[in-house]
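# A closer look at the structure
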Amino acid sequence: MTSAAPLSTAELQRLSTFLYRETGMLFGEAKRYYIERRLADRYTATGITEFAAYFGHLRTDAAERETLVNAFTINETYFYREEHQLACLCRSLLPALITTRRPGDKIRIWSVPCSTGEEAYSIAIWLLENWRLVDAYNIEIIGSDIDTRALEAAREGLYGERALSRLPPKLRDAYFEPAKRHRRRIIRDLRESVTFTPANLIDTASMAAHGIFDVIFCRNVLIYFNDESRLVAAGTLYDRLAPGGFLCLGHTESMSRISPRFETRRFEDATVFQRPAAP
């Protein structure tokens, strides 16, 4: 790791402002150690040891901007996380949606941010295991994230024991190849059933490019945003939902405290947020 002088208050603020504009996430003095560790890694990789020179490089090199953003994203997840929402998907959300659909119609489900793919693949596995109509409809599952490294890992589909710890052994055996070097790869059929794409919750254009969805899982990311960026993200999520579509947030998050546009729906398994149906 390249040795570098600690960031001045002004330099820390400048970098934090850049990261906020790029990701919507807040960084500041309280996260100085976290910031300087990751910045030191980039100094080592680029051979630059002064903040002014690195920041100038950052502004002119798109690949370095992407790499730095990747370094600051948070990828804490595992299979069957908050599985009560998956139960709600099959027991309540999909039955509500198909009242206006015919067999063969498309149902679009979005996991954003999807991190390294566990949550998007969990949706696919849960549907195969628990929704008897899964083959009657054209289910499209898309996982999206701002972190391009995480997306590469999701497409590769290799997972360690911690990521798999919540899955029953029979599901590990059914949907994963035998372990090699303490990691298991999700089977090809499932890898090919989920599409992974880049998207940024506070970038309207990158979100709009994905079209309209019936269900969106956006869990445990808005807690890292401030009020302004949460409101922007809420607007992009609302616009990406079909009328009557459902939004699932993390268990500590509530859209009712962010935007009045969504209706709060309390089902047997979970509380979710719905874009009102068209009149």
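Note that the structure is a prediction, hence the values are computed from the model and not measured.

### So, unusual backbone geometry
Following Val112, the chain continues into Pro113 via a peptide bond in cis, with omega recorded as 0 degrees. Mapped onto the elements, Pro113 comes out in the loop between strand S1 (106-111) and helix H6 (118-130). Positive phi, close to 45 degrees, is recorded for Glu82, a residue that is not glycine. Note on placement: Glu82 falls in the loop between helix H4 (62-72) and helix H5 (83-97). Owing to a relative accessible area of 12%, Glu82 belongs among the buried residues under this scheme. Unusually for a residue other than glycine, Arg181 sits at a positive phi of about 55 degrees. Its location among the elements puts Arg181 in the loop between helix H9 (169-175) and strand S4 (183-185). When its relative accessible area of 81% is taken as the criterion, Arg181 is described as exposed.

### Here we look at the environment of Phe72
By the element assignment, Phe72 lies in helix H4. Judged by relative accessible area, Phe72 falls into the buried class, the value being 1%. Along the primary structure Phe72 and Ile35 are separated by 37 residues, whereas in three dimensions their C-alpha atoms are 8.0 Å apart. For Phe72, the contacting residues outside a window of four places in its chain are Leu19, Met25, Phe27, Tyr34, Ile35 and Arg38.

### Some details on the pairing of strand S8 (residues 263-266)
Looking at chain direction, S8 and strand S9 (residues 271-274) are connected through four bridges and run antiparallel. Opposite Glu263, over in S9, you have Gln274 as the bridge partner. Count of turn residues in the S8/S9 antiparallel hairpin: four residues.

### Points about the environment of Thr9
Relative to the helices and strands, Thr9 resides in helix H1 (residues 9-23). Given a relative accessible area of 59%, Thr9 falls into the exposed group. Sequence separation between Thr9 and Arg32 is 23 residues; the distance between their C-alpha atoms is 9.7 Å.

### Examining the packing of aromatic side chains
Counting across every chain of the model gives twelve aromatic pairs. Plain terms: the ring middles of Tyr43 and Tyr54 are 5.7 Å apart, the flat faces sit at 70 degrees to each other, and that makes the pair edge-to-face. Here the residue Tyr43 occupies a position in helix H2 (residues 32-46), and Tyr54 occupies one in helix H3 (residues 51-60), the gap between them amounting to eleven residues. Given a relative accessible area of 3%, Tyr43 falls into the buried group. When the ring of Tyr80 is compared with that of Trp126, the centres are 5.0 Å apart and the planes differ by 65 degrees; the resulting orientation is edge-to-face. Residue Tyr80 is located in the loop between H4 and H5, and its partner Trp126 is located in helix H6; the two are separated by 46 residues in the primary sequence. Accessibility assignment for this pair places Tyr80 and Trp126 in one class, buried. In this structure an aromatic cluster arises from ring pairing among Phe79, Tyr121, Tyr159, Phe176 and Phe196. Directly above the ring of Phe213 sits Arg108, whose terminal nitrogen or CZ lies 4.1 Å from the centroid. When the ring centre of Tyr238 is taken as origin, the NZ or CZ atom of Arg261, which lies over that ring, is 3.8 Å away.

### Observations regarding the confidence of the model for the protein
When the pLDDT values of the protein are averaged, the result is 90; 97% of them are 70 or greater. Looking at the elements of the protein, mean pLDDT is at its lowest for H4, recorded as 80, and at its highest for S1, recorded as 98.

### Topic: the state of the cysteines
Two cysteines whose sulfur atoms are joined by a covalent bond form what is called a disulfide. One pass over the full model with this rule turns up zero disulfides. Counting only cysteine sulfurs, Cys88 is the nearest neighbor of Cys90, a cysteine outside any disulfide, at a range of 9.6 Å. Judged by its relative accessible area of 10%, Cys90 is buried.

### Let's talk about the packing of H1 against H3
H3 packs onto H1 with a crossing angle of 15 degrees between their chain directions and a minimal axis gap of 11 Å. Taken together, the axis directions place H1 and H3 in an arrangement best described as roughly parallel. As H1 runs across H3, the sense of the crossing is left-handed. For the pair formed by H1 and H3, the contact residues are Glu11, Arg14, Leu15 and Phe18 on the first element and Phe51, Phe55, Leu58 and Arg59 on the second.

### Comments concerning the packing of H1 against H2
When two helices pack together, you describe them by how their axes are tilted relative to each other and by the distance separating the axes. Direction vectors running N to C along H1 and H2 enclose 80 degrees, while the axes themselves pass 12 Å from each other. Judged by the angle between their axes, H1 and H2 are roughly perpendicular. Seen from H1, the contacting residues are Thr9, Leu12, Leu15 and Ser16; seen from H2, they are Arg32, Ile35 and Leu39.

About the criteria used
Residues numbered from 1 in each chain as written. Predicted model: local features only at pLDDT ≥ 70, side-chain atom pairs only at ≥ 80, totals over all residues. Heavy atoms only, no water. Helix = DSSP H or I, 4+ residues; strand = E, 2+ residues; numbered from the N terminus. Buried < 20%, exposed > 50% of the residue type's maximum accessible area, 1.4 Å probe, protein only. Contact = heavy atoms within 4.5 Å. Pairing = 2+ DSSP bridges. Phe/Tyr/Trp six-rings, centres within 6.5 Å; stacked < 30°, edge-to-face > 60°. Lys NZ or Arg CZ within 6 Å of the ring centre and 35° of its normal. pLDDT = per-residue confidence, 0-100. Disulfide = S-S within 2.5 Å. Axes fitted to C-alpha atoms, helices over the stretch in contact; angles between N-to-C directions. Parallel < 35°, antiparallel > 145°, perpendicular 65-115°, else oblique. Left-handed = near helix turned anticlockwise from the far one by under 90°.

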